[in-house]
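These are the residues of each chain, in order.
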Amino acid sequence: MTSTSVHRLLDEAFAGLPATPDVQDLKEEIRANLLDRVAELTAGGVAPDEAARRAVDELGDVRALAEEASGPTAYTQPAGAPATVPSPAELAARNRVPRNPAYVAVVVLMSMVLAAAVAGTFAAAVALAHQDVGLALPTGIALVAGAALGWIVGASLAQETMTNHPMPAGRSALFGMGWGLVLVGCLLAYVHLSGARHGWLVVDGLALVGGVVLLSYLAATTTNRKKQWALAEARRHVETGNRFERDPAAAARFGIYTAVVWGLTGASVLIVGLTVGWPWVWLPGLLGWAVFMLMLATMLFGAKHQRD
């Protein structure tokens, strides 16, 4: 299966659906995410055909996503059959990932090791300042802390979740290495400052800068790991409350109403403070806040519900 097969699969999944803007946007979003996922898997050492096949398998039921975007009335159902547009809860149930008790147990264990190693590094640094121990002990403990943090980060990114695809092993290991270098650089800098070993600060700085540069590169080159159903659900939530973007007049009215509400609230605060007493000024402030929140909810959602 090549990238051409990915395009053909999308054409087949969206065949027969109305070419509405929402459907076309979803199709292009799925296409971009599939190609990004194929590129990420290929960079991790997976063969191109296998990467494309795996990306399509991870996506799940493309037809169900397409039908959900088109709406329950945009496609035909068999005679007498109820609408089968999957709800968000159904999509979440279909994409449920089995729990991995072994991973959870090891992460808890490594977290305990990390906490103990960080505390031990500080304690060894204090002992080094009093010349009770040598430099090797705090250095070794700091390296253990960096390794523990690196393992936790790498293993966590490599896990599949309900909303995220797993990150390739090589890339997740680089993320873990980056965070490990940052932690080791910080811990060893404290150790060397405590022990007056200022010459080693150059090495600490190199480790810290190297970790930051590695993490910056990985963050800049990371592609989307969200599963398509989660992206569609997030986009639907965003589109629910963006009336101000679609209706500039409503945004202008909201600005005027806001100025009036808070102007009256400020005047009420002054009047109450000068007449009744300043300990009572919180009452008009609270009332103004309640009126403002009610107005915001009405402006965002009230008109939409009335149109529906």
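Bear in mind the structure is a predicted one, so any value in this text is a computation, not a measurement.

1. Considerations on the nonpolar core
Piece 1. Residues L114, A145, L149, F175, L183 and L187 are the most contacted members of the largest nonpolar core, which totals 19 residues.
Piece 2. Elements that contribute at least two residues to this core include exactly α6 (101-129), α7 (136-157), α8 (169-194) and α9 (201-221).
Piece 3. Setting aside its immediate chain neighbours within four residues, F175 contacts V153, L157, M167, L215, L218, A219 and T222.
Piece 4. Among the nonpolar cores identified, the runner-up in size contains 11 residues, and L26, I30, V38 and A55 belong to it.

2. What about the environment of G285?
Piece 1. Tracing the backbone shows G285 in helix α13 (residues 282-307).
Piece 2. Remark: the alpha-carbon pair of G285 and V269, spanning 16 residues in sequence, is separated by 6.7 Å.
Piece 3. Discounting residues that sit within four places of it in the chain, G285 has contacts with T265 and V269.

3. Regarding the packing of α6 against α8
Piece 1. One can describe the packing of α6 onto α8 by two numbers: an axis separation of 8 Å at closest approach and a directional angle of 20°. With respect to α8, the element α6 is oriented roughly parallel. Read as a crossing pair, α6 and α8 show a hand that is right-handed. Together, L114, V118, T121, F122, A125, L128 and A129 of α6 and L183, L187, Y190, V191 and S194 of α8 make up the contact between the two elements.
Piece 2. Taken together, the residues that form the contact of α6 with α8 break down as 10 nonpolar, two polar and no charged.

4. Looking at the environment of L114
Piece 1. With respect to the helices and strands, L114 occurs in helix α6.
Piece 2. You can call L114 buried: its relative accessible area is 17%.
Piece 3. Sequence spacing of L114 and A148 is 34 residues, and the spatial spacing of their C-alpha atoms is 5.5 Å.
Piece 4. With near-sequence residues (within four places) excluded, L114 lies in contact with A145, A148, L149, I152 and L183.

5. Comments concerning the confidence of the model for the chain
Piece 1. Per-residue pLDDT for the chain has a mean of 77; in total, 70% of the residues score no lower than 70.
Piece 2. In the model of the chain, helix α10 (residues 228-240) stands out as the element of lowest mean pLDDT, 57, in contrast to α7, which has the highest, 92.
Piece 3. Confidence over residues 72-85 falls short of pLDDT 50; this stretch has 12 contacts with residues more than four positions distant or in other chains.
Piece 4. Across residues 304-308, where pLDDT falls below 50, the model places two contacts with residues more than four positions away in sequence or in other chains.

6. Re unusual backbone geometry
Piece 1. Even without glycine at this site, Q131 takes up a positive phi of about 60°.
Piece 2. A relative accessible area of 71% places Q131 in the exposed class.
Piece 3. The backbone of A196 shows a phi angle near 55°, a positive value even though the residue is not glycine.
Piece 4. Residue position: A196 is located in the loop between α8 and α9.

7. Regarding the side chain of D204
Piece 1. Following the sequence through the fold, D204 ends up in helix α9.
Piece 2. Put simply, D204 is tucked away with no salt bridge, and the nearest opposite charge, on R197, sits 11 Å away.
Piece 3. A polar atom in the side chain of D204 sits 2.6 Å from the side chain of H192.
Piece 4. Discounting residues that sit within four places of it in the chain, D204 has contacts with G185, L188, A189 and H192.

8. Here we look at the packing of α6 against α7
Piece 1. α7 packs onto α6 with a crossing angle of 155° between their chain directions and a minimal axis gap of 8 Å. Between α6 and α7, the angle is such that the two are roughly antiparallel. As for how α6 packs across α7, the hand of that crossing is left-handed.
Piece 2. Of the residues belonging to the contact of α6 with α7, the class tally is 21 nonpolar, four polar and no charged.

What counts and how
Here the residue numbers are simple positions, counted from 1 along each chain's written sequence. Local features in this predicted model are restricted to residues whose pLDDT is 70 or higher, and side-chain atom pairs enter the listing and the counts only when it is 80 or higher, whereas totals over whole chains, interfaces and linings include all residues. With hydrogens and water stripped out, all remaining heavy atoms of the structure feed into the side-chain values. Only buried Ala, Val, Leu, Ile, Met, Phe, Trp, Tyr and Cys residues count toward a nonpolar core, and they belong to the same one when joined by side-chain atoms within 4.5 Å. Only protein chains enter the area calculation, which uses a 1.4 Å probe; residues under 20% of their type maximum are buried, those over 50% are exposed, and those in between are partly exposed. What counts as a helix is a DSSP run of H or I of at least four residues, what counts as a strand is a run of E of at least two, and both are numbered from the N terminus. Whether two residues are in contact is decided by their heavy atoms: any pair within 4.5 Å suffices. All axes here are fitted lines through C-alpha atoms, helices being fitted over the stretch that makes contact, and every angle between N-to-C directions spans 0 to 180 degrees. Should an angle fall under 35 degrees it is taken as roughly parallel, and over 145 as roughly antiparallel, whereas 65 to 115 is taken as roughly perpendicular and any remaining angle as oblique. Helix crossings get a hand from a simple test, with the near helix turned counterclockwise from the far one by less than a right angle marking a left-handed crossing and a clockwise turn marking a right-handed one. Gly counts as polar in this scheme, as do all residues outside two lists: the nonpolar Ala, Val, Leu, Ile, Met, Phe, Trp, Tyr, Cys and Pro, and the charged Asp, Glu, Lys and Arg. Confidence of the prediction at every residue is given by pLDDT, a number between 0 and 100. Residues scored as positive are Lys and Arg, those scored as negative are Asp and Glu, and His as well as the terminal groups of each chain are ignored. Here, a salt bridge means any side-chain nitrogen of Lys or Arg that lies within 4 Å of a carboxyl oxygen of Asp or Glu. Under this definition, polar contacts are N or O atom pairs within 3.5 Å; protein pairs additionally need one hydrogen-donor-capable and one acceptor-capable atom, and for neighbouring residues in sequence, both atoms have to be side-chain atoms.

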